[in-house]
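Structural features, examined
Here is what each chain is made of, one letter per residue.
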Amino acid sequence: MVLTIRNVTKRFPGQTEETAVLRGVSLDLDRGRSLALTGESGSGKSTLLHLAGALDHFESGEITIGGTRLSELGDTQRAALRRRDVSLVFQQFNLIPSLDVSKNIVLHARLGGRLDEGWVTRLSERLGLAGLLDRYPEQLSGGQQQRVAIARALAVRPKLLLADEPTGNLDETASAAVMELMLELVRESGTALFLVTHSEAIARMLDQRLHLRHGKAA
């Protein structure tokens, strides 16, 4: 199992157990599988995603990524795990304007010491980026920029790919096309995809679904 979350509770300053943003959430996600996390605004979706990415701390319960228990890691170890085993794709593409497409794609893999030129070439071809490698982000459309962000996230061959509304800036047709490619590559690489979305159409494309309501699985 790539991602295991067991009875996780998260409170922010001033909150009681009754008003915690997450209250005993659990889930399992295996390699090559995808899970859609849905729920109304304020239900705890982004908070749970950040916890799963070792970006924040929780009060109780446990989160395990590839057999590693997050509660046992210090900040330096968490950072190393994020570089090596976890990738993120957001609604905002977060590409580096001063780097061309090829350098943006390999950035995370270089930092994680996991650069595989053959895999990067394959990703570029599958995502329709092979003819755009010498361009800069400002020269790309929104859909092209999102495909670069996906290539960068998958280039490191992460155990876990976290995505927060990754196609929120794209129209319906482009969104579906990008998601189909992402899901194909996730299955091919054995990565587990944990995705936050408000879109019912996107949620139906994924293997599993967890709906949050008031910090609990509904």
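As a reminder, the structure under discussion sits directly above these lines.
Values in this document were obtained by computation on a predicted structure and should not be read as measured data.

**Comments concerning helix α5 (residues 142-155)**
Between its terminal C-alpha atoms α5 stretches 20 Å, which fits the 20 Å expected from 14 residues at 1.5 Å a residue. The positive-phi residue at the C-terminal boundary of α5 is arginine 157, with phi of around 50°.

**Observations concerning the nonpolar core**
Grouped burial of nonpolar side chains is what soluble globular proteins tend to show. If you look at the biggest cluster of nonpolar residues, it comprises 37 residues, and the most contacted ones within it are Ile105, Leu161 and Leu193. Looking at this core, the element that brings in the most residues is α5, giving seven residues. Filtering out sequence-adjacent residues up to four positions away, isoleucine 105 remains in contact with Val120, Ser124, Leu129, Leu133, Val148, Ala151, Arg152 and Ala155. In this structure, Leu22, Val25, Leu48 and Ala54 belong to the second largest nonpolar core, which totals 30 residues.

**A short note on the sheet that holds strand β2 (residues 22-29)**
One open sheet accounts for four strands, arranged β2-β1-β4-β5; its pairing is antiparallel. The sheet is open, and its two borders are formed by β2 and β5 (68-69), each paired with just one other strand. Bridge analysis of strand β1 (residues 3-10) against strand β4 (residues 60-65) gives five bridges, and the strand direction is antiparallel. By the bridge assignment, arginine 6 is partnered in β4 with glutamate 62. Against the sheet, helix α1 (residues 45-52) makes contact with β1, β2 and β4, and its axis sits at roughly 125° relative to β1, the strand it touches most.

Conventions adopted
- Residues numbered from 1 in each chain as written.
- Predicted model: local features only at pLDDT ≥ 70, side-chain atom pairs only at ≥ 80, totals over all residues.
- Heavy atoms only, no water.
- Helix = DSSP H or I, 4+ residues; strand = E, 2+ residues; numbered from the N terminus.
- Expected span 1.5 Å × (residues − 1).
- Core = buried A, V, L, I, M, F, W, Y, C linked by side-chain atoms within 4.5 Å.
- Buried < 20%, exposed > 50% of the residue type's maximum accessible area, 1.4 Å probe, protein only.
- Contact = heavy atoms within 4.5 Å.
- Pairing = 2+ DSSP bridges.
- Axes fitted to C-alpha atoms, helices over the stretch in contact; angles between N-to-C directions.

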